[in-house]
Amino acid sequence: MSLIEPLQAADEDGLAHGIAKTSRPGFVRSTVFGSPAAMAGLGIIVFFVVVAIFAPWLEPYDPTAKTGPVYAPPSGAHWLGTDDGGGDMLSLLIAGSRVSLGVGFLAALVAMLIGGTVGVLSGYFGGTTDTVLMRFTDYMLVIPDIPLMIIAAALFGRNLKNIVIIIGIIYWTSTARLIRAQVKSVRERVYVKRAQALGAGNRRLVVKHVLPQVAPLLIANTVLMIALAIFAETFITFLGLGDPSTISWGRLIENAFTGEATINNAWWAIVPPGVCVTIVILACTMVGQSVEDGLNPRLRVGHLSVKRFRVRTPAGPEASK
Amino acid sequence: MAPPGADARLLDVEGLIARYPVPRGLLGAVMRRPQLTVKAVDGVSFSVAAGEMVALVGESGCGKTTTAQTVIRMVEHQGGSIRFDGTEIGSLNPRELRPLRREIQIIYQDPYESLDPRFTVRDTIEEPIRVHSLVARSEDREAKVHEAMERAGLTPPELFIDRYPHELSGGQRQRVAIAAALVLEPKLLIADEPVSMLDVSVRAGILALLDGLRRDGMGVLMITHDLSTAAHFADRIAVMYLGRIVEEGPAREVVRNPQHPYTKALISVVPRRDPDQRTVPQILIGETPNPVNVPPGCRFHPRCPAAEGRCKETDPELREVVGLDPLHRAACLLL
Amino acid sequence: MRIRRLIAAALVTAIVGVAAGCGGGSDSSSGVLRIGTASYIDSLNPFNYIEGQAYIAMQMIFPQFVQYNDAFEFEGDLAESWTTSEDGKDWTFKLRPNAKWSDGEPLTAADAAWTINTTVKYAKDATAVAAAALAHVKNAEAIDDTTVVVHYESPVGNVLAQLEQVFILPEHVWGPKVGADGKGLKSYHPEFNLPIVGAGPYTITQYEKKGTTAFKPYADFYGPPSNASGVALTYYTNADAVIAGLKNGDIDWTDQVPFVAVDAVKRAPNVVVTTIPGSETTNITWNSNPAKPKNRELLDPAVKKALSMCVDRKQIIAVVFAGYATKVESIVGHISPLENPDLGPLEYDCAAANAALDKLGYAKSKTTAVRMVPATTGTYAQEAHQMAYEIVTPTSTDFNVDRSFDIVKDGFARLGVTVTQKVGGDATAAFAVETGDCSGPESKQYTGFDIAMWDWIGYVDPDFMLSVVTKGQWCSWSDTGANNPAYDKMYDEQGITVDPEARRTLVYEMQKIVYDNFYYTQLTNHLGIDAHVDTWTDFSPKLSGYSKVYYTSPRQP
Amino acid sequence: MRGADYVVKRVAFAILTVFIAITLNFVLFRALSGDAISGLRCRQCSVAFKEAQRRNLGLDESRWVQYRLYLADLAHFDLGNSVPSEKPVRGELVEPIKNSLPMIALGTLFAIVFGTLVGVVAAWRRGTFADKGGLYTALGFYSMPTQWLGLMLIFFVANAIGLPSSGIKTPTLGLFADASTWALFSDRMKHMFLPALTLGLVLYGDYALIVRSAMLETLGEDYVLTARAKGLKNWAIVRSHGLRNAMLPIITLVALSLGFIIGGSITVEYVFSYPGLGLLTVEAIDKRDFPLLQAIFLLLTLSVIFFNLLADLLYFRFDPRVTT
Amino acid sequence: MSSRPPVIRVEDLHVWFALPGGGELHAVQGVTFELREGERMGLVGESGCGKTTTILAMMGLLPATASVSGKVILEGKDILIGGEETISPHRWNDIAMIFQGAMNAFNPVKTVGAQIAEPMVLHGLATRKGARLRVAELLDLVGISGDRADRYPHEFSGGMRQRAAIAMALACSPKVLLADEPTTALDVMVQAQILELLVSLSSTLGQELGLTVILVTHDLPVVAQVCDRTAVMYAGQIVEMAGMSEIYHDPRHPYSRMLFAATPDLLGDEEVASIPGAPPRLDREIAGCPFRPRCDSVFEPCATLSPPRREPVAGHEARCHLNDPALTEMAS
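Residues numbered from 1 in each chain as written. Chains lettered and ligands numbered in written order. Predicted model: local features only at pLDDT ≥ 70, side-chain atom pairs only at ≥ 80, totals over all residues. Heavy atoms only, no water.

## Considering the overall build of chain E
The test is simple: Numbering of helices and strands starts at the N terminus; helices are DSSP runs of H or I of at least 4 residues and strands are runs of E of at least 2. We compute the radius of gyration over the C-alpha atoms and compare it with the globule rule, which gives 2.2 Å times the number of residues raised to the power 0.38. Any residue under 20% of the maximum accessible area for its type is buried, any over 50% is exposed, and the rest in between are partly exposed; the area is computed with a 1.4 Å probe on protein chains only. Note on contacts: a residue pair is in contact if any heavy atoms of the two residues lie within 4.5 Å. Note on areas: these come from Shrake-Rupley sampling with a 1.4 Å probe, and a residue is covered only by the protein chains present in the view. Charge counting treats Lys and Arg as positive and Asp and Glu as negative, with His and both chain ends excluded. Positions of charges follow a simple convention, taking NZ of Lys, CZ of Arg, CG of Asp or CD of Glu.
Counting its regular elements, chain E contains 13 helices and 12 strands. Its C-alpha radius of gyration of 21 Å places chain E within 12% of the 20 Å reference for a compact globule of 332 residues. In terms of principal-axis extent, the alpha carbons of chain E reach across some 70 × 50 × 45 Å. Here chain E holds 332 residues, and the buried ones make up 62% of them. When contacts within chain E are restricted to residue pairs at least 6 apart in sequence, those whose partners lie at least 24 apart make up 64%. Of the roughly 11900 Å² of accessible surface on chain E, 52% is carried by carbon and sulfur atoms. Between the mean site of the 28 positive side-chain charges and the mean site of the 40 negative ones, chain E shows a separation of 6 Å.

Structure representation (structure tokens):
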């Protein structure tokens, strides 16, 4: 039986060389579930997704209707008060989660699809394909993202679809670079070489060996991208370039600004949407970051620490082992 | 004279050359700096027969791994011929090569790296069958996997078959890699430093396994930097220096009676197990030159303790040494 | 934060101390009227400007023949008196004697004649902006130093209203700029050659396009002098900041109180809020190009009327304008003394509207509850389609167009008509309305949109507002694409009708045509809201853009 | 010389990128339906007038000729004329740039100083309260929408500490009576404070995270263990090994982000009515002022390219390993 | 030699690592040994046996998750007792170390010379100027031309880097040098050079420097050629410790014997045989002898009794019940 004893003990001297930079099955699950911050982040995301899905049932009022006086402070009837149009802030906030999260998820998906594809093609095939794609990516990278987003939103018409596409198109580059680097390193892994030496075709190599390895990074990146996309939506909308027919958190911040919430001392119209955005972005960042950190074993080893190893007294209970 | 059983020769490499360009950069291209090449493999000839284990020995950077990669056509070569089982495979296109990929299998140095961490043992060993669409029925496939595992010493197979690499020890992982190679029943197995990453206590097991396969008639080409291992397990040893084989012969002959000054030096620095037999290392000056700038004449002459004037001019051929086993050949003008 | 507060306090002390040390008085801005505004002076060249604020500023520095008084009647500015010939073609203006330019040169009839003649000469290109007010002018003639005669090719109905918009320029400054083709006039930037040579109550001593522009009283001004020791006009990019500036004492007066902020501003101590009749009307703009290819049912006034009947204007006034607006029916708006009082009013009655649409044959679809337009034949044949439209809305309005749209959308929805919003900046919206390519063939123009929601800022004289629905304004000011030859003829006629009563009849008739055809559905006419600190009095905000009194009258007790 | 090739390559790439950016800039604004003139709306905008304007801008020429004209103009640093104001774009840009730069510099400086400080301390004291505090504050600011943070500062801070929340100077200061240089300067600083703080806080979050993770990575390197073995004290290790090496990725990322800051300051300027480049952009979009937009966009792209190049060169300067 | 007092003595050293999921890993379990001036001792064992942890503990370089007990007595003084506080003054001054993989032991952005000089300046042993001279000397000593001090690590080959690492370790003239796998990943030719250097440092310079070397490696022949004495570690314990020749010819622990048998010799003809199985996990209590599952000479007591340290022959100690005549007799 000792033959199959897993070599846990090897980790002990393994302090100095860390853990192999490959992701094992269940890696994402274990890193997320293993980190309290990531768990909190995941909980927040799930909470908001649930709110967004059940928004129509959760809204106490019709968010588009005037259901109270303009800028009524929070009260029993309107928990978070009303906005400059007399709409119920809580309902607006709930309704806004739909568009904000929707834009976030969809734009991140677009970025992931484009970036992932370019990254995989570029990293896997290398050579001219790589050069051409990466040059293109380099050029895309130097375009100032926010101004381009604004200009594009202003010039190509302002609806949600365009905003999603614009954000996705602008943010794919970093995904592509990241994925390319990862694919390139996976491509050089011996097991890929081995499979190739076996005669396995490109499709098999990509689908069976490369993609599963880059998947955790892609997931982490997508989660971070969701945060960026939500951010970008508030940005575009704030400058009055959002889709006017939809309610999003960005729109609520814009309303607070253009609707003179500050003059009317209506903090309840200013604070909540920003808090929601901040919390969701924070949550996405925590989840994405923990997966990325998990992928980077370097960060787990600290040779410098204010904490010191402990000296046990020889009489200690453990020492007599 | 030809190696034994010329007809039984499985792999016959003749004058193999593999080079790749050194990137010279934009400025270099603009200023028309000469295009430099790394002469990784620079005219290597050797053969492996069925039931024979040949060890390709040398220091890092001598071109032994490139040679192996070239033989399995993972690295393009610029000259020479590679004949496998009587067929010239050096010029086959990828499609024609596919059936041959079954016949030649390779295992790598680092068993931590050579297994896909997301594949179970079954997935890994099954993969070659799937890639070559060999066995359609899943029961047959399973049987083949079991058989390969048993041959590789992973018994009982049920214990391991559903494990992931991180749940195995280093030796077990290397056995999985070997099983994945065996499942296609290859004729030639190339083992690239098969034990150098393993703990001393399990190395012998892996090597014994390879030895067993050889006995069963498989040809084995072992790439190693460890002369002791090579001396113990290989039938023949070929010593490489700077992209060229400098000495070749039966394993015991080469280590006990080295002819080439390089081999002599190499053997002198191998630490012996017995503390009472303290060796007198014959340490060579300098380090192995960069394979970009191969010295003219004998490539070993700048470091050779016995070099003469003519060594700077004439590039010696690999040839028999008078008064020795006819299979023992060396490339030195002084012999 | 405590440290920061200390630092801030220290800074303030330092500023005050330093200012007191080297300035004459204890408060350097004493007597200076500080105006905050959310629009800026883009230029001080009468031949090359866009913003309304620039027009006001030029009024303060350049002489005009006449200007309005607060009853919106004409009174002399540089002109003391004027007469017109029998045929109405020659107008003689008697100018004030002893008027002087701010650089000391005499201001004479020659300057006035030169300004008019030069403007007319290059009207096609370089001076087009100013030439709009000199339509039909043949030339001007300086009889002597104080008499100038303007010769018209034909009689003109609103000469004074037109000439009110002409700024008289010093020939000795502008003359050398003309060049061969007059282009030099347009590219001359007096704001960069301070102080500007003018003759109004002020000269400008500092100009910052997006900052503060300083108006210094001109001692030799021919009219009543400024009560303030100076005027500082500061541009703010948003109304929020203006209000904040008013509250914390950075400015004394603003013309830009946002509707939703009025109540909050009113609560502020020492701030007086005044409302004035506004010149801005909001509307639903219908594409009325008779040749529009699609959704031709919207050309039918009956359809447009029915749709309009279900728009709750009261709610728009309540939500969007916080009550600071009134309903309006005529295109010329309440500002014009020639507003036709007999139009409408259009009732808010969704039931009647539904009935009307039913009667017109646009039945609701059983499945979608959206009304359907049956297929038609003929030149402009169209297939059966849903009554679903896109409404173009510009963003840069000073009211909340999105909320207005929401109310219109709700109203239309109750009639089984769905609308979606298409947004853009002012320019983008204009572009959308003109379908983008006014350089293309006329048949393509005004074909791409159905409905827009916009606003117009009218003038006292109705001529301009009446012109925007003429064919002549296509690809210029027209946003409806209206093309009504009979109306256009009446427009030309009112232009040359000198008799006020005859012109009034014509103008009433024209307003009725616009109303009956529903080129626009007029929604609201909003009030202008000014706010000032109570240390200043005697404001005439309603004369903004009409008179020099606007800047000169406020006084500090 | 070491890495001449590297430098040449980076510079060549930057130049090529500039050219592509210029071309992209040209194409982008012509891919839209309608041209710069189509949306023009003014008192004098008759059909004939617009035609004349088109001729002035060369819009009646073929695309190819337009492109050549555009390049030729750029070669003379001629960015064309703004459509609505008909003034040279170059002039329109000067004042906003002069306004924006100090504010952005102040905010960036704040972010770099505090971000580095907090990042280093957090990484060094990993797992302690200082780390968690620093990390979560940084994450918090990093996650805040800039415009919202600005609004919050206006709402909760500006009044409380008596700082102006809009504009760039007190309107009448020095207008009708002379003001001292110091008064003007301090007034300017007061107006700059909140926008710069907003920008600085958001960037601070970003930088602190970057620095922390770069430091963590560095502190995981074996030479740090060696340094400890050599008897170096913690702070000495942080300073002479940790920071020195973490500087490489930090310099790169900071330089890269600098290129994007101007773009990022758009909403800050919008919220605080700060008359800089950002506000100008918003206005230009509203007016469909293509030449101006094009110039701004080009400027921003060039700044990104410039900072990219700077990052590359700094990397080269500080990392002896870079040779090719 | 044995008359001189030991330079360093490790006494009943234990190291535990707290595991992330709770629990502890008992990595070093009661290691005791001592070394005299100029002595070279090998510390041999499979990966995970605790050899690196042992020397890291001696340097006080264990991470915060670790806790230790026992003594590290340097010239009669226990330096481990106060943890970081008592060890840090001795680092590099008295005990220096060569790390596994010299490649990463150098900071890539500082010159090699600066890194060698760093501890000298830090410990006040030399001024900056003086340090430069000393660096050149040290580099010469390890066979690198002194003018290469201003080069960066990446400009050195692997062998040179390892020499430089040795020069760095010698910077403060330590008494004890801990070399952790100094030749792993190097070619045999370079390995021979490095080993020769180590030998010459401790023997020829031993008189003046008193350099005592502990060589940690998994490579038995290396130890055999270089060291006077060797300690074989298994599962956190030293299972056998003796003079090199004694342990080769007369191993008193089956593990040592099997380890030699698993190592091929260049010219030897003996059969090489691997040791079946794998080392035990150290995060749980082990009943009896930890080597029992892999041992070819198991007898009854092995299952229940943990073998204590015995010294069947003077200077030759082992932890195996076979050395207990009482037990073996009972079994037979």
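## Points about the overall build of chain B
The helix and strand tally for chain B stands at 11 helices and 12 strands. Compactness check: chain B gives a C-alpha radius of gyration of 21 Å against a globular reference of 20 Å for 335 residues, within 12% of the reference. Along the first, second and third principal axes, the C-alpha atoms of chain B reach 70 × 60 × 40 Å. Residues classed as buried in chain B amount to 56% of the 335 residues present.

## Digging into the interface of chain D and chain A
We count it as follows: When two components associate, each loses some accessible surface as probed by a 1.4 Å sphere; the sum of these losses over both components is called the buried area. One speaks of a salt bridge when a side-chain nitrogen belonging to Lys or Arg is within 4 Å of a carboxyl oxygen belonging to Asp or Glu. The definition of a polar contact used here is a pair of N or O atoms within 3.5 Å, where within protein one atom must be able to donate a hydrogen and the other to accept one, and adjacent residues in sequence count solely through side-chain atom pairs.
With 59 residues of chain D at the contact, the number on the chain A side is 53 residues. Among the residues chain D hides against chain A, the three largest losses belong to Trp148(D), Leu151(D) and Phe155(D). Together they make up 12% of the total. Taken together, the links from chain D to chain A amount to zero salt bridges. Taken together, the links from chain D to chain A amount to three residue pairs in polar contact (both at pLDDT 80 or more).

## Description of the state of the cysteines
Put simply, the test is: The disulfide criterion is simple: two cysteine sulfur atoms within 2.5 Å.
Enumeration according to the criterion identifies one disulfide over all chains in this entry. Each disulfide pairs two cysteine sulfurs, and for Cys310(C) the partner residue is Cys350(C), the sulfurs being separated by 1.9 Å. Taking the sign of the torsion about the S-S bond as the criterion, the disulfide between Cys310(C) and Cys350(C), at about 95°, is right-handed. Taken together, the residues span a long stretch of sequence, with Cys310(C) in the loop between helix H10 (301-309) and helix H11 (313-319) and Cys350(C) in helix H12 (residues 350-359) at a distance of 40 residues. Taken as a pair, Cys310(C) and Cys350(C) share a single burial class, namely buried. Here Cys62(B) is not disulfide-linked; the sulfur of Cys298(B) is the nearest cysteine sulfur, at 15 Å. Cys62(B) sits in the buried class, given a relative accessible area of 3%.

## Observations concerning the arrangement of the chains
Once contacts are tallied for each of the eight pairs of chains in contact, the highest total is for chains A and D. Across the gap from chain B to chain C, with no contact made, the nearest C-alpha atoms are 47 Å apart. Across the gap from chain C to chain E, with no contact made, the nearest C-alpha atoms are 38 Å apart.

## What to know about the packing of aromatic side chains
This is how the line gets drawn: Here a pair means two rings of Phe, Tyr or Trp (six-membered ring of Trp) with centres within 6.5 Å. Their orientation is stacked below 30 degrees between planes, edge-to-face above 60, and tilted elsewhere. Each ring is checked for a lysine NZ or an arginine CZ that lies within 6 Å of its centre and within 35 degrees of its normal; such an atom marks a charge sitting over the ring.
Taken as a whole and judged by the stated rule, the model has 51 aromatic pairs over all chains. When the centroid spacing of 6.4 Å and the interplanar angle of 35° are considered together, the rings of Tyr49(C) and Tyr55(C) count as tilted. Accessibility assignment for this pair places Tyr49(C) and Tyr55(C) in one class, buried. Among the aromatic residues, ring-to-ring pairing joins Tyr202(C), Phe215(C), Trp253(C), Phe539(C), Tyr550(C) and Tyr551(C) into one connected group. A cation over an aromatic ring shows up here: Arg187(A) above the ring of Tyr124(A), its NZ or CZ 4.4 Å from the ring centre. When the ring centre of Tyr380(C) is taken as origin, the NZ or CZ atom of Arg296(C), which lies over that ring, is 3.7 Å away.

## Remarks on the side chain of Gln53(C)
Residue and element names in this part refer to chain C. Within the secondary structure, Gln-53 sits in helix H2 (residues 52-61). Residue Gln-53 is classed as buried on the basis of its relative accessible area, which comes to 3%. Within polar-contact distance, the side chain of Gln-53 engages the side chain of Thr-37 at 2.9 Å. Beyond its immediate chain neighbours, meaning those up to four positions away, Gln-53 contacts Thr-37, Ser-39, Tyr-40, Ile-41, Leu-233, Asp-255 and Tyr-551.

## Considering the sheet that holds strand S4 (residues 79-84) of chain B
All names here are of chain B. Definition in use: At least two DSSP bridges between two strands are needed for those strands to be called paired.
The strand order across the open sheet built from four strands is S2-S1-S4-S5, with neighbouring strands paired in antiparallel fashion. Each edge of the open sheet is held by one strand with a lone partner, namely strand S2 (37-49) and strand S5 (87-88). Taken together, the two bridges between S4 and S5 define a ladder with antiparallel strand orientation. If you follow Phe-84 over to S5, its bridge partner there is Thr-87.

## Thoughts on the pairing of strand S16 (residues 388-394) of chain C
Residue and element names in this part refer to chain C. Burial of S16 is extensive: five of the seven residues sit out of reach of the surface. In this structure, S16 lies alongside strand S18 (residues 451-457), joined through two bridges in parallel fashion. Paired with Ile-391 across the two strands is Ile-451, which belongs to S18.

## Remarks on helix H8 (residues 222-229) of chain D
Residue and element names in this part refer to chain D. Of all eight residues in H8, eight are buried; the element is thus mostly enclosed. Residues of H8 that are buried: Asp-222, Tyr-223, Val-224, Leu-225, Thr-226, Ala-227, Arg-228 and Ala-229. With its phi angle positive at about 90°, Gly-231 sits one or two positions after the end of H8.

## Here we look at the confidence of the model for chain B
Note that predicted coordinates carrying low pLDDT should not be read in detail. To keep things clear, this is the line we draw: Each residue carries a pLDDT value, the predictor's own confidence for that position, ranging from 0 to 100.
Per-residue pLDDT for chain B averages 87, and the proportion of residues at 70 or more is 95%. Considering only residues more than four positions removed or in separate chains, one finds that residues 1-6 of chain B, a stretch of pLDDT under 50, has eight contacts.

## Thoughts on the nonpolar core
Convention followed: As used here, the term nonpolar core means buried Ala, Val, Leu, Ile, Met, Phe, Trp, Tyr and Cys residues forming a set that is joined through side-chain atoms within 4.5 Å.
Met149(A), Ile167(A) and Leu239(A) are the most contacted members of the largest nonpolar core, which has 145 residues in total. With 18 residues, the single largest contributor to this core is helix H7 (residues 181-219) of chain D. Discounting residues that sit within four places of it in the chain, Leu239(A) has contacts with Ile150(A), Ile266(D), Thr267(D), Tyr270(D) and Val282(D).

## Focus: the pattern of salt bridges
Here the structure, examined in full by the defined rule, presents 72 salt bridges over all chains. Here Lys175(E) makes a salt bridge to Glu75(E), at a shortest N to O gap of 3.8 Å. Of the two residues, Lys175(E) is situated in the loop between helix H6 (158-170) and strand S7 (176-180) and Glu75(E) in the loop between strand S4 (66-74) and strand S5 (77-78); the sequence distance between them amounts to 100 residues. Taking the shortest distance from any N to any O, the salt bridge between Arg309(E) and Glu317(E) comes out at 3.2 Å. On the basis of relative accessible area, Arg309(E) is assigned to the partly exposed category, the value being 42%. Where salt bridges share partners, they join Arg19(B), Asp42(B), Arg244(B), Arg299(B) and Asp315(B) into one cluster.

## Focus on the sheet that holds strand S8 (residues 219-224) of chain B
Residues and elements named next belong to chain B. Across the sheet, which stays open at both edges, the eight strands sit in the order S6-S7-S8-S3-S9-S10-S12-S11 with mixed pairing between neighbours. Taken across any chain shown, the strands that pair with only one partner, and hence form the sheet edges, are strand S6 (104-107) and strand S11 (319-320). The pairing of strand S9 (residues 236-241) with strand S10 (residues 244-250) spans six bridges and is classified as antiparallel. When the bridges of S10 are listed, Arg-236 appears paired with Pro-250.

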